[in-house]
Amino acid sequence: MAASDVKLLSTRGSPFVIRPRIALNLKNIDYEFLEQPFGTKSELLLKSNPVYKKIPIMIHNDKPICESLIIVQYIDEAFTSGPSILPSDPYDRSVVRFWGSYIDDKWFSSLLATLKPKTEEEKKTAIEGVSTGIELLEEAFEKISKGKDFFGGDTVGYIDIALGANLALVKVVEKLNGVELLDETKTPNLYAWSEKFCSDPAVKDLIPETDKLLELLKR
Amino acid sequence: MRPHQSFERLAINIGDERLPKNNKRDRLMATDEVILIGFRGGPFSLIVEWALKLKGVEYEYLDEDLFNNNKSPMLLQYNPVHKKVPVLVHNGKPVAESLVIVEYIDETWKQYPLLPDDPYDRAVARFWAKYAEDKCKTAAFSVFATVGEAQENATKEAREILKTFEKGLRGKFFGGETIGFVDVVAGWIAYWIGVIEEITGINIVDKETMPLLSEWFQNFLDVEIVKERLPPRDKLLEKNKIFREQLVAAST
């Protein structure tokens, strides 16, 4: 493992924290995992991310980087070890960035809305939103993976990280609502992908167990 | 270096076909075909126009009839997920989402780089660009689309958000002494805050509370390439006054 001055401010259970952890693993970079106790924001956190006061925050050589997908891109650009996380062709890069943005700006709000809906109607709409997103990503997987295991091809890439970090949350939504979002027959590509993703060396041990996450979310 | 002239035309009804290739002028053009599908009544296509103009890239501009919510088949074909503008079509391949488009433009045409070279500086630029997109955009349009107490709250929030945004300035511009990624992505604010203020009668940004941001508004709008693409203010005011009335009526 390469030595470097990298710290990662995190809390348990956050899908966003999983993203830079996968990226750092892919690049074989050692880092100090600074867990923020639940419900507290340390001075370091507030100093490093005064705008949002949120985790994850990566601190590299004393300089803070915020926002999980921005951190992932930073890791890809700052460290030359390991595979590339984003593709090299500008058009392919625009495709992965598009889906990263879709996952965070559109799909994630549906995912969250299924957990704390104000009405049954709202819950139904939210679940539909999550489902639609998964269908779109299923289709995108076929085009982007070009027959390989991951969106990133042979290795875990940007979309894999962006989407995969939410897998535990997806399973929580499935459990709480008695629905199947990733299904062997309806979404065969993503179903197979999720197994490969979760067992990839850079990822395994990072995706929390569904029940544990459920417990954390209840707090 | 002077920017190339851009070819503009209004798309009235182009159906499912690509742009005609039987035109002599088109055959003589460079082999790169760049089309921007946008909407002059709104701010976000400007982001892409400024990026393209800075790099001297020739493009064909197609305006969508969005005041009448009339989306062209071409838009729906090239951005089926969001069905929104702007969309850049480069040699038949579409790119959607303004931040994604600007990074694509920056990586495809290397002259006048928008993002800095250093990975840390790039991360900072991406942070503020995202802040402008996630927070400033919502803030400005919340003030535009609301009335009464909701508008008061939206205004208070917008002022806080823009005050925070001001912290991203690295000198004259967000890009330092010359315009860069964040300026291009957020520059619409410099023009549109004034439009929103005039339509709503509300003051959002003033020189006392946000001196640096106010100065940036001026500096940005003074840039030749920026000025050239700005749609006429009176037209914007006229159309958006009506649009706001519709929005407010729909929500009450």
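Conventions used here
Residues numbered from 1 in each chain as written. Chains lettered and ligands numbered in written order. Predicted model: local features only at pLDDT ≥ 70, side-chain atom pairs only at ≥ 80, totals over all residues. Heavy atoms only, no water. Salt bridge = Lys/Arg side-chain N within 4 Å of Asp/Glu carboxyl O. Helix = DSSP H or I, 4+ residues; strand = E, 2+ residues; numbered from the N terminus. Buried < 20%, exposed > 50% of the residue type's maximum accessible area, 1.4 Å probe, protein only. Contact = heavy atoms within 4.5 Å. Buried area = accessible area lost by both parts, 1.4 Å probe. Polar contact = N/O pair within 3.5 Å; in protein donor to acceptor, adjacent residues only side chain to side chain. Domains from an automatic or database assignment. UniProt positions renumbered as here; feature names shortened; annotations may be inferred. Phe/Tyr/Trp six-rings, centres within 6.5 Å; stacked < 30°, edge-to-face > 60°. Axes fitted to C-alpha atoms, helices over the stretch in contact; angles between N-to-C directions. Parallel < 35°, antiparallel > 145°, perpendicular 65-115°, else oblique. Left-handed = near helix turned anticlockwise from the far one by under 90°. Nonpolar A, V, L, I, M, F, W, Y, C, P; charged D, E, K, R; others polar.

Caption draft 1: Inspection of the pattern of salt bridges at higher detail. Residue and element names in this part refer to chain A. Counted according to the given criterion, the structure contains 24 salt bridges over all chains. The partner of Lys196 in a salt bridge is Asp149, with the nearest N and O atoms 3.5 Å apart. On the criterion of sequence distance, the pair formed by Lys196 in helix 8 (residues 188-199) and Asp149 in the loop between helix 5 (120-145) and helix 6 (158-164) is long-range, its members being 47 residues apart. Assessed through its relative accessible area of 35%, Lys196 is described here as partly exposed.

Caption draft 2: Highlighting the interface of chain A and chain B. In this assembly, 24 residues from chain A lie in contact with 25 residues from chain B. Summed over both sides, the interface between chain A and chain B buries roughly 2300 Å², with carbon and sulfur atoms accounting for 66% of that surface. By the criterion of area lost to chain B, the three top residues of chain A are Ile70(A), Tyr91(A) and Phe98(A), representing 26% of everything that side buries. Inspection of the region where chain A meets chain B yields six salt bridges. A salt bridge links Arg122(B) to Glu77(A); its shortest N-O distance comes to 2.9 Å. Linking chain A with chain B are eight residue pairs in polar contact (both at pLDDT 80 or more), by the criterion used here. Mapped onto the side of chain A that touches chain B, the elements with two or more residues apiece are strand 4 (63-66), helix 3 (68-78) and helix 4 (90-115) of chain A. When residues of the side of chain A that touches chain B are assigned to their parent elements, the largest contribution, eleven residues, is made by helix 4 of chain A.

Caption draft 3: Up close: the domain arrangement of chain B. Residues and elements named next belong to chain B. Each assigned domain of chain B is listed with its residue range as follows: domain 1 (3-108) and domain 2 (119-251). Domain 1 puts 21 residues into the contact, and the matching count from domain 2 is 24 residues. Taking both sides of the interface into account, the surface hidden between domain 1 and domain 2 amounts to around 2100 Å²; carbon and sulfur atoms contribute 72%. When the area that domain 1 buries against domain 2 is broken down by residue, the three leading residues are Trp50, Phe67 and Leu99, summing to 33%.

Caption draft 4: Region of the structure containing the UniProt feature "domain: GST C-terminal" (unreviewed entry) in chain B. Cross-referencing UniProt, the feature "domain: GST C-terminal" (unreviewed entry) maps to residues 118-243 of chain B in the present numbering. As annotated, residues 118-243 of chain B comprises 74% helix and 0% strand, and the C-alpha atoms at either end are separated by 43 Å.

Caption draft 5: Spatial organisation of the packing of aromatic side chains. Residue and element names in this part refer to chain B. If you walk through the whole model with that rule in mind, you get 28 aromatic pairs over all chains. Note on Trp50 and Phe220: the rings are 5.0 Å apart at their centroids and 80° apart in plane angle, and the pair reads as edge-to-face. Taken together, the residues span a long stretch of sequence, with Trp50 in helix 2 (residues 44-54) and Phe220 in helix 9 (residues 211-222) at a distance of 170 residues. Between Tyr104 and Trp109, the ring centres sit 6.4 Å apart and the planes meet at 85°, which makes this aromatic pair edge-to-face.

Caption draft 6: Region of interest: the packing of helix 1 (residues 15-26) of chain A against helix 4 of chain A. Residues and elements named next belong to chain A. For the pair helix 1 and helix 4, the least separation of the axes is 14 Å and the interaxial angle reads 150°. With respect to each other, helix 1 and helix 4 are oriented roughly antiparallel. Read as a crossing pair, helix 1 and helix 4 show a hand that is right-handed. Mapping the contact onto sequence places Pro15, Phe16 and Arg19 in helix 1 and Ile103, Asp104 and Phe108 in helix 4. Split into classes, the residues belonging to the contact of helix 1 with helix 4 amount to four nonpolar, no polar and two charged.

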